[in-house]
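If you want the building blocks of each chain, they are given just below.
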Amino acid sequence: MKNTVLSFREAKQENKKLTMLTAYDYSTARLMDEAGINALLVGDSLGMVVLGYKDTLQVTMDDILHHTKAVARGAQNALVVSDMPFMSYQTSVYDAVCNAGRLVKEGHANAVKLEGGSVVCPQIRAIVEASIPVMAHIGLTPQSINALGGFKVQGKGVEDARRLIEEAKAVEEAGAFAVVLECIPARLAEIISKSISIPTIGIGAGNGCDGQVLVYQDMLGMFSDFTPKFVRHFSDIGTQMKKAFELYISEVEKGAFPAPEHCFDIADSIIEKLY
Ligand code: KIV
Ligand code: NA
């Protein structure tokens, strides 16, 4: 069944958990879509897990567009959500609408995601008015890494916790159809999830959220630069990949690959003429 902003709203009303994973390419998007994922996020985490940057700040509109096109081609039923890169929406409401428009028009995203609470509500409102669904993102917002002073749990004090509850209400009021809660205490995420009517999608925010998201290289054990506490390795694909690469290298070096069944034949009469 095709996932839409409507089915997201219904899922929360029916107490059905929503699932999202990041995707950056066609073949992975297809596998996730066939598995039945609700949403594919072309996250700006691509800067770290695909492009090898130390944070997400260098990711450009062209980077996200390039990967959104690939993911959209692989998505049949999943909702394709594209991250708005750092400085593609903070600068003005006008920039935000233009850049969100490009992600839908050129990239074929179904929705966009941007980081921040009340500060970006004018942007959320304007993008939604342009008929582009917006997923908000509060708590640990990696594009603010320099302002936050590191990748740290957010909302631990009473002031911060109250502020996050208010931010969640603000983004809902501005028209967001869902909100990512990143790296906040589980019991706070539960309170937030109960105080708004749009689904909360948690990452490092516990089981009380209406849905979950993970970076796929993290959940498959393919990214070892660092592993946050909230990551579970659902499979150790990284080790399996490395083993397969090593086997390929040794089989080629031994002359065991390719074998006759991998080769194309030619008639003896042709070969004779070649000598
Ligand atoms: O870029 C990303 O992958 C994200 C998720 C972690 C929510 O924003
Ligand atoms: Na992101």
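Scoring rules and cut-offs
- Note on numbering: residues in each chain are counted from 1, in written sequence order.
- Chains and ligands are labelled sequentially in the order written, the chains with letters from A and the ligands with numbers from 1.
- The predicted origin of the model limits local features to residues at a pLDDT of at least 70 and limits the giving and counting of side-chain atom pairs to 80 or more, whereas totals for whole chains, interfaces and linings rest on all residues.
- UniProt positions are given in the numbering used here, feature names are shortened, and annotations may be inferred rather than shown by experiment.
- For helices the rule is a DSSP run of H or I covering at least 4 residues; for strands it is a run of E covering at least 2, with both sets numbered from the N terminus onward.
- For the purposes of this description, domain bounds are those given by an automatic or database domain assignment.
- A pair of residues counts as a contact when their C-beta atoms, built from backbone coordinates, are within 7 Å of each other.
- Each nonpolar core consists of buried Ala, Val, Leu, Ile, Met, Phe, Trp, Tyr and Cys residues. Their C-beta atoms, within 7 Å, join them into a set.
- To assign burial, the other C-beta atoms lying within 10 Å of each residue's own C-beta are counted, with C-beta atoms placed from the backbone; 20 or more indicates buried, 12 or fewer indicates exposed, and intermediate counts indicate partly exposed.
- The criterion for strand pairing is that DSSP finds at least two bridges linking the strands in question.
- With axes taken as lines fitted to C-alpha atoms, and helix axes fitted only over the stretch in contact, angles between N-to-C directions fall between 0 and 180 degrees.

Looking at an unreviewed UniProt entry, one finds the protein chain named 3-methyl-2-oxobutanoate hydroxymethyltransferase and attributed to Ruminiclostridium cellobioparum subsp. termitidis CT1112. Taken directly from UniProt, the Pathway (unreviewed entry) text for the protein chain runs: "Cofactor biosynthesis; (R)-pantothenate biosynthesis; (R)-pantoate from 3-methyl-2-oxobutanoate: step 1/2." Per UniProt, the comment on the protein chain under Subunit (unreviewed entry) is "Homodecamer; pentamer of dimers."

(A) Layout of the overall build of the protein chain. A count of helices and strands for the protein chain gives 12 helices and eight strands. For the protein chain, the spread of C-alpha atoms along the three principal axes comes to 80 × 40 × 35 Å.

(B) Region of interest: the domain arrangement of the protein chain. In terms of domains, the protein chain is made up of domain 1 (5–236) and domain 2 (241–274). Here the C-alpha centre of domain 2 lies 45 Å away from the C-alpha centre of domain 1.

(C) Structural view of unusual backbone geometry. Put simply, F257 and P258 share a cis peptide bond, and its omega is 0 degrees. Relative to the elements of secondary structure, P258 occurs in the loop between α11 (237–254) and α12 (268–274). A positive phi angle is found at M87, which is not glycine, with a value near 75 degrees. Phi is positive for S131, close to 70 degrees, though the residue is something other than glycine. As for its position among the elements, S131 is in the loop between α6 (121–129) and β5 (134–139).

(D) Representation of the UniProt feature "binding site: Mg(2+)" (unreviewed entry) in the protein chain within the structure. This chain's UniProt record puts "binding site: Mg(2+)" (unreviewed entry) on D44, D83 and E115. Spanning 72 residues, the named residues form one tight spatial group whose C-alpha atoms are at most 10.9 Å apart. Tracing the backbone through its elements, the reader meets D44 in the loop between β2 (39–42) and α3 (46–49). Counting through the fold element by element, D83 comes out in strand β3 (residues 79–83). In this view, D83 contacts L41, V42, G43, D44, I64 and K113; residues no more than four positions away in its chain are not counted.

(E) Representation of the nonpolar core. Within the largest apolar cluster, 70 residues are counted, with the highest numbers of intra-cluster contacts made by L40, V80, V112, V134, M135, A176 and V179. Ranked by residue count, the leading element in this core is helix α8 (residues 158–174), at five residues.

(F) Highlighting the sheet that holds β3. Around the barrel, eight strands lie side by side as β1-β2-β3-β4-β5-β6-β7-β8; this closed barrel has parallel pairing. Averaged over all pairs of adjacent strands, the angle between strand axes in this sheet comes to 25 degrees, irrespective of strand direction. Here helix α4 (residues 61–74) sits on the sheet in contact with β2 and β3, set at roughly 170 degrees to β3. Against the sheet, α6 touches β4 (111–115) and β5, its axis set at about 165 degrees to β5.

(G) The UniProt feature "binding site: 3-methyl-2-oxobutanoate" (unreviewed entry) in the protein chain, seen in detail. Using the residue numbers shown here, the UniProt feature "binding site: 3-methyl-2-oxobutanoate" (unreviewed entry) corresponds to D44, S45, D83 and K113. Judged by maximum C-alpha separation, these annotated positions cover 70 residues in sequence but sit close together in space, the widest gap being only 12.5 Å. The exposure class of D83 is buried, given the 30 C-beta atoms found within 10 Å. Locating K113 in the fold gives a position in strand β4. Residue K113 is classed as buried on the basis of its 28 C-beta neighbours within 10 Å. Beyond its immediate sequence surroundings of up to four residues, K113 is in contact with L41, V81, D83, M84, M135, H137 and V180.

(H) Looking closely at the pairing of strand β1 (residues 18–22). For β1, a buried count of four out of five residues is recorded, marking the element as mostly surrounded by other parts of the structure. Pairing of β1 with strand β8 (residues 211–214), which is carried by four bridges, proceeds in the parallel orientation. Considered in β8, the bridge of L18 is made with G211.

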